[in-house]
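What follows is each chain in one-letter form.
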Amino acid sequence: MSKTLEEIQNFEGKYPKQIWSLFFSEMWERFCFYGMRGMLVFFMISQLDFHESEANLQYGATQAFVYAFTFVGGLFADKILGFRKSLFWGGLLMIVGSLILAADPHKFFFLGIAFTVVGTGFFKPNISSMVGQLYKPNDSRADAGFSLFYAGINLGALLGGYLCIAIGKGELFASIIPEELRWHLAFGFAAIVMVISLINFVFTQKSLGTIGLQPGHPNNEVKSAPIPKWKEYGTYVLSLIFVPIIMIMVAKTEYTDYFMWTIGPLTLIYLFYEMTKVTPSERKKLWAALVFILFSILFWGIYEQSGGSLSIFAAKNLNKDLLGLDPNGVNNSGGAFFIIFLAPLIGLLWIWLNKRKIEPNTIIKFGLGFIFLGLGYYILFATRLFADLQGITSLNFFTVALLVITLGELCLSPIGLSIMTKLSTKNLQGMMMGMWFLASAYGQYVAGIIGAGLATAKEGSTNYDALITYTDGYKQLGLYAVIAGVVLILISPFVKKLMQEVK
Ligand code: GLN
């Protein structure tokens with residue numbers, strides 16, 4: 001007998017037990033996604049003979065599309081498919097994408113990537129929305145749950161990000177995998193873990209009660225007319241039509257600019273239209289959600305330097321004084337490593353503070369997120385104090401910055417997922433979660449622009465000059481982050497009013 005929503009949400013203890021199953025499905029999905037992301041630029045340059053700048057631009061375009069598509073995936077989940085079917089469809093597309101890449105990564109590179117982009121759009125926002133539904137709207141344990149879920153995200157990111165490229169490059173299992181098969185297997189590995197993710201989800205569904213059912217399903221809590229089958233199949237067909245469109249747009253990166261300038265305003269117009277159909281109280285909550293979404297663009301714009309300018313900084317300006325580790329490896333995976341340990345602890349801290357009635361509310365947590373981010377960037381600035389005359393500075397000190405930035409991420413990113421589920425009306429959950437991730441797409445886009453600004457200033461100069469230019473830039477970014485944090489804390493009474501009873 002499947003549980004009612006009431007029974008699921010009335011769980012005892014710190015976490016609902018279903019969260020573990022969602023944790024594992026999302027962990028494998030992130031393994032697949034970050035595994036692929038980690039291989040993109042390297043594969044384009046070493047195997048497809050792309051120029052460095054071209055490969056970076058196309059990498060940026062893929063990242064922008066992947067997060068932008070979460071809006072589409074969330075929207076179709078709300079209106080037609082429901083979270084479960086969306087997730088399943090997204091997972092299947094990701095498997096197809098990875099298999100295409102495994103079959104012939106050189107020939108079908110962009111086709112495989114396009115499938116993965118659309119698939120992630122259908123998968124990623126909807127699994128997070130389901131986590132939100134395990135909690136009653138005012139359950140103070142939700143932030144802790146999302147922090148735990150976030151640890152799963154990063155465990156997948158860390159494993160996938162490390163293993164796939166290591167297999168592709170022949171740094172792992174080289175003796176058992178013949179050279180000509182390495183890339184095939186690396187991409188194929190992503191397909192295998194995605195199959196595990198979906199099988200795990202099939203079993204999870206049994207314990208989800210009514211969570212994630214299609215709109216109009218007879219058991220659904222919100223009663224509505226059943227969705228005609230043609231709309232469901234139409235959605236599948238439409239998503240397949242997007243595949244060649246994305247292929248073209250990723251291959252010609254100038255389209256990314258047009259796309260980014262169009263999709264944001266269009267989604268805002270659509271949100272404003274949906275806002276006319278809700279009650280004034282619900283409308284205020286959607287306005288509050290929009291404040292969080294807009295601020296998060298700035299957060300990710302600064303944070304995402306890690307994939308761009310910080311990786312160049314790591315390669316050129318850092319020594320190996322942290323256990324002899326490679327600075328780029330630390331820059332790529334240090335954040336995920338810290339999160340896996342810190343996320344559950346911070347989740348428990350929120351619960352502990354809540355019991356003592358001193359848990360900061362979401363806006364203050366966001367403000368703290370920015371302040372930690374800013375402090376982290378000030379520490380990056382301060383790495384110059386340890387530099388030698390060649391402009392080489394301490395990886396140890398850099399890692400402290402990563403730790404502080406990670407604390408900021410944990411005050412904002414899982415909390416953002418949680419607050420989206422609390423501030424959205426029942427029938428806009430997927431779309432709002434999609435908008436949250438769309439902000440990440442803009443963040444990536446902004447990050448690229450900031451990073452490029454830092455890099456051009458540096459051309460033709462010495463390593464030491466580069467250190468000074470980069471660290472000056474980081475000081476500036478640190479300042480912006482701290483200002484944003486202070487602004488958030490100052491406007492918190494106003495946003496709190498919009499949020500009403502939501503914390
Ligand atoms: N690292 C997190 C994830 O992969 C957050 C990504 C984001 O929102 N930019 O889910």
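No experiment lies behind these values; they were computed from the predicted model shown.

Trainee: Hey, could you run me through empty space enclosed by the protein in this one?
Mentor: One way to see where empty space is left: roll a probe the size of a water molecule over the atoms. Overall, the coordinates contain 2 cavities of 30 Å³ or more when judged by the stated rule. The volume enclosed by the largest cavity comes to roughly 70 Å³. Lining the largest cavity, in full, are Phe-33, Met-36, Arg-37, Leu-40, Thr-62, Gln-63, Val-66, Ile-113, Thr-116 and Val-117. For the lining of the largest cavity, the elements supplying multiple residues, two or more each, are helix H2 (18-47), helix H3 (52-103) and helix H4 (109-133). It is H2 that contributes the most residues to the lining of the largest cavity, 4 residues altogether. For the lining of the largest cavity, the per-class residue count stands at 6 nonpolar, 3 polar and 1 charged. Put simply, the second largest cavity is a space of about 30 Å³. In this structure, the second largest cavity is lined by Leu-40, Met-44, Gln-58, Thr-62, Phe-109, Phe-110, Ile-113 and Val-250. Among the secondary structure elements, those contributing two or more residues to the lining of the second largest cavity are H2, H3 and H4. Among the elements that line the lining of the second largest cavity, the one with the most residues is H4, at 3 residues. For the lining of the second largest cavity, the per-class residue count stands at 6 nonpolar, 2 polar and no charged.

Trainee: Looking at this model, I keep getting lost on the packing of aromatic side chains. Mind explaining?
Mentor: For any pair of aromatic rings, the description rests on two quantities: the centre-to-centre distance and the angle between the ring planes. Enumeration according to the criterion identifies 39 aromatic pairs in this entry. Considering the side-chain rings of Trp-89 and Tyr-236, the 4.6 Å spacing of their centres and the 50° angle between planes classify their relative orientation as tilted. Linking Trp-89 in helix H3 with Tyr-236 in helix H7 (residues 229-251), this pair joins segments that are 147 residues apart in sequence. A relative accessible area of 16% places Trp-89 in the buried class. Following the ring pairs from residue to residue traces out a cluster consisting of Phe-42, Phe-43, Phe-50, Phe-109, Phe-110, Trp-183 and Phe-187. Sitting over the ring of Phe-42, Lys-169 keeps its end group 4.8 Å from the ring centre. Between Lys-365 and the ring centre of Trp-350, over which it is positioned, the NZ or CZ distance is 4.2 Å.

Trainee: Can you help me understand the nonpolar core in this one?
Mentor: What tends to happen in soluble globular proteins is that the nonpolar side chains get buried as a cluster. Phe-109, Phe-187, Phe-292, Tyr-377, Met-432, Tyr-474 and Met-499 are the most contacted members of the largest nonpolar core, which totals 162 residues. Per element, the largest residue contribution to this core is 25 residues, and it comes from H3. Not counting residues up to four positions away in its chain, the partners in contact with Phe-187 are Met-36, Met-39, Phe-43, Ser-98, Leu-101, Ala-102, Pro-105 and Phe-109.

Trainee: Which parts of the structure should I look at to understand the pattern of salt bridges?
Mentor: For side chains bearing opposite charge, pairing can occur when the charged atoms are close. One pass over the full model with this rule turns up 15 salt bridges. Where Lys-124 meets Glu-26, a salt bridge forms, and the shortest distance between an N and an O atom there is 3.0 Å. A residue pair is termed long-range when its members are at least 10 positions apart, and Lys-124 in helix H4 and Glu-26 in helix H2 qualify at 98 residues. The two residues Lys-124 and Glu-26 agree in class, both being buried. The residue Glu-232 makes a salt bridge to Lys-85 at a minimum N-O spacing of 3.3 Å. On the criterion of sequence distance, the pair formed by Glu-232 in helix H7 and Lys-85 in helix H3 is long-range, its members being 147 residues apart. Classification of Lys-85 as partly exposed rests on a relative accessible area of 29%. Counted as one network, the salt bridges with shared partners bring together Glu-26, Glu-29, Arg-30 and Lys-124.

Conventions and cut-offs
- Numbering of residues begins from 1 in every chain and follows the order in which that chain's sequence is written.
- Local features in a predicted model are, by the rule used here, given only for residues with pLDDT of at least 70; side-chain atom pairs are given and counted only at 80 or more, and totals for whole chains, interfaces and linings are based on all residues.
- Calculation of side-chain values draws on the structure's entire complement of heavy atoms; hydrogens and water are dropped beforehand.
- With a 1 Å grid spanning the protein atoms alone, the term cavity applies to any set of points in which a 1.4 Å probe fits but cannot get out, the term pocket to an open set with protein on both sides within 12 Å along at least five of seven lines, and the term lining residue to any residue with an atom within 4 Å of a point.
- Grid points are joined across faces, edges and corners, and a volume is the space filled by probe spheres set on the points.
- Going along the chain from the N terminus, every DSSP run of H or I of four or more residues is numbered as a helix, and every run of E of two or more is numbered as a strand.
- For this classification, Asp, Glu, Lys and Arg are treated as charged, while Ala, Val, Leu, Ile, Met, Phe, Trp, Tyr, Cys and Pro are nonpolar and the rest, including Gly, are polar.
- Stacked, tilted and edge-to-face pairs are distinguished by plane angle, under 30 degrees for stacked and over 60 for edge-to-face with tilted covering the rest, among Phe, Tyr and Trp rings (Trp via its six-membered ring) whose centres lie within 6.5 Å.
- Each residue's exposure class comes from its accessible area (1.4 Å probe, protein chains only) as a fraction of the maximum for that residue type: buried when under 20%, exposed when over 50%, partly exposed otherwise.
- By the criterion adopted, a ring carries a charge over it if an Arg CZ or a Lys NZ lies within 6 Å of its centre and within 35 degrees of its normal.
- To form a nonpolar core, buried Ala, Val, Leu, Ile, Met, Phe, Trp, Tyr and Cys residues must be joined to one another through side-chain atoms within 4.5 Å.
- When checking whether two residues touch, look at their non-hydrogen atoms; a contact exists if any pair is within 4.5 Å.
- For salt bridges, the criterion is a side-chain nitrogen of Lys or Arg within 4 Å of an Asp or Glu carboxyl oxygen.

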